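A structural walkthrough
Spelled out, the chains give:
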Amino acid sequence: MNRRIVTLALLLALTGCDTGGETPSVAQTAQALAPGQARHEVGVTFQYGSLLATVGDAVYDQQRAEYLLAVRYRNIGDAWADSNVLASLRTATGAVPMTSPGMPRIPPRAVAEVTYTAQAVSADPTTGGRVVFGGEQREQAAVALDGAPSAVFTPTAQPLDVWLRNGKYTVHVTRARVLAGSIGALNQQAEPGRRVLRLDFDLFAHRFDPVNGFFPQEHLLLVPPGGGEPIQALDTSAGVVPRSWTLFGGNWADFPVPAAYPGDYQLRLSSVSTKGFSTFHPDKIVYATAGLTIGAGAPSDAPGPDLPTPVPVLGAQPSAAVPSGFDVAVTTGTVNVPGFAFTPRRLRYDPTARTATLDGDARYLTSDNADPASPLYVAPQFTFNVALVDGGRYHPGAVTGGMTVATTGTTPVTLRFDAVDRLAPDTAALLVGPSNSMASSLPLGDASTVPPYPTAVATGPVTAPPIVAGDWTVQVTSYRLGLLSSVPAPAPGTRQLELRMTVTCSPAARSRALGLVFRPAGMVFLLGGGGYLTQPVADGGIGDFQPGQTQELSVLFSVPDSFTPARLGLTVRGVDEVADLFTDKFAETTGGIDLGAAGAGEDLS
């Protein structure tokens, strides 16, 4: 029986969460060897897809004819990643598969450790042996077990300062990373003999693009050294529909390049989208080109604290002692998940059925004015990846029963975890989050070593003068800071800032073709660098006004995890360019707003 023992630990240092200097709980320290067992150090690191793998110690068990290898997978990508990486032991006598059941989904910035086991290994394979990771259709990593050179690749990075302007857009490339595979939601290893070149860039939009918006895959092409057919991106960051004079950071595009990647490339920026209507007249598309010199680069910094060397878990069979069941109250608090606050209430464990159940209450946090009577209305859904962590063990689970959450008050939610061979209530912790973002974490017992993340949703007052633009007067009154919406989900390392405001329409306002409409996501901005504006990621709904009417609205911005309430510049526009496509000029007013000291978020008790 092949087996894979899975352990997991959250690494939250990168997100701004202080673990208090505590080493996260990972695989246990090396176990004592039995007669006939020999331990060897391997110590090789490589990348596979979104995973950065560290091969630790190996143990050969002569009596069982087994070879066990410990591997730590760290998710360096932006989405939860499956760790179903194939492995096989290669020796002079042939290949022995090391595949096994179990495919833990690892959240971004977290690690999971696995123990691979190969059976029917008649002799210690260390001398001259290799373990090959991955299938033949993808670039494989071959790890030498005896200290000989291994055929592996680890990420590299180099800073860049390359600018391209074409029509409505300017792209500023700030960094190049060369990877063994795509680390986005694709989570895919490169093809044999290939690497992935990720270009990180900022986008400046000079004018509103009412037809196409900016989608990296439609606007950027890479020309390889020496010319040749331009290369299209494999994967990219999300597209945007920018308003005029806005700035978007954190963009990227992944291009396939040869394994011998250093050279002089050219990046092309098209004047319009290369898809859709533009394909009818490709001769009308204009390209701006800039050179990119990609060198060998420097090793990328490890995205997290140093951890002990992974060691195999020996004696994988369950203990003869039957674990005890329990039904206990959970009093460790509330965890903020994008769009929701979840408060665990009771944790139950049935050792006979090998199931654990976590009951709790969910509260919807997103501010919106959606009409439940509308045929297009979709009620809030508590649908997230969930897992229990206990002393290094990782137990994936799912939401059971109803997933619909009421827009007011709290809704009972039950999480179920199967195949739980043992569980201790004092050391357990909960991981929960959307597939394309960080995992939120909450200790369920007082002895858990998993730190809570993120901090609680904070609220605070805003001191600001009324800002008048055209027919509109905006008065910002308060703010919230946290993971407030799952659409879009906050990117790893970010939170969401919600500004609540009262909006008044001038009594003398004259109705336009679409009425007197105030859409915060297209009319309220934060003042960014260089005079450009930061566009909201969402709002609480569109206000449909009558002259002289006042309504309460909200707008949502993405901010770094390290954001602290301070003085901000707020810009209000008199029109939304989406609603007024033929407007060639509009009123725009910028004023200072002061975010006061934050208090605790809403109590769910």
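Procedures and definitions
- Residues numbered from 1 in each chain as written.
- Predicted model: local features only at pLDDT ≥ 70, side-chain atom pairs only at ≥ 80, totals over all residues.
- Heavy atoms only, no water.
- Phe/Tyr/Trp six-rings, centres within 6.5 Å; stacked < 30°, edge-to-face > 60°.
- Lys NZ or Arg CZ within 6 Å of the ring centre and 35° of its normal.
- Pairing = 2+ DSSP bridges.
- Helix = DSSP H or I, 4+ residues; strand = E, 2+ residues; numbered from the N terminus.
- Axes fitted to C-alpha atoms, helices over the stretch in contact; angles between N-to-C directions.
- Contact = heavy atoms within 4.5 Å.
- Salt bridge = Lys/Arg side-chain N within 4 Å of Asp/Glu carboxyl O.
- Buried < 20%, exposed > 50% of the residue type's maximum accessible area, 1.4 Å probe, protein only.

A full pass over the atoms with the stated rule returns 16 aromatic pairs. Among the aromatic residues, those joined into a cluster by ring pairs are Phe-340, Phe-342, Tyr-364, Phe-382 and Phe-384. The positively charged end of Arg-198 is found above the aromatic ring belonging to Trp-252, 3.6 Å away from the centroid. The ring centre of Phe-525 lies 4.7 Å from the NZ or CZ of Arg-573, which sits over that ring.

Right, let's talk about the sheet that holds strand β20 (residues 263-270) for a bit. By way of backbone hydrogen bonds, the strands of a sheet pair with one another, either parallel or antiparallel. Strand order across the open sheet formed by three strands is β17-β20-β21, with antiparallel pairing between neighbours. On the outer flanks of this sheet lie β17 (220-223) and β21 (287-294), each paired with one strand and no other. Here the average twist between neighbouring strands, direction ignored, is 25 degrees. Sheet topology note: the β20/β21 ladder contains eight bridges and is antiparallel. Bridged to Arg-268 within β21 is Thr-289.

Bringing the environment of Ala-70 into the picture now. Among the secondary structure elements, Ala-70 is positioned in strand β4 (residues 66-75). Not counting the four nearest positions on each side in its chain, Ala-70 is found in contact with Thr-54, Val-55, Gly-56, Asp-57, Val-114, Pro-310, Val-311 and Pro-312.

What the rule picks out here adds up to 18 salt bridges. As a salt-bridge pair, Arg-195 and Glu-139 come within 3.3 Å of each other at their nearest N and O atoms. With Arg-195 in strand β16 (residues 194-205) and Glu-139 in the loop between β10 (130-133) and β11 (141-144), the pair connects residues that are 56 residues apart, well separated along the chain. The buried category is assigned to Arg-195, whose relative accessible area is 10%. One connected set of salt bridges, linked through shared partners, spans Asp-78, Arg-198 and Asp-254.

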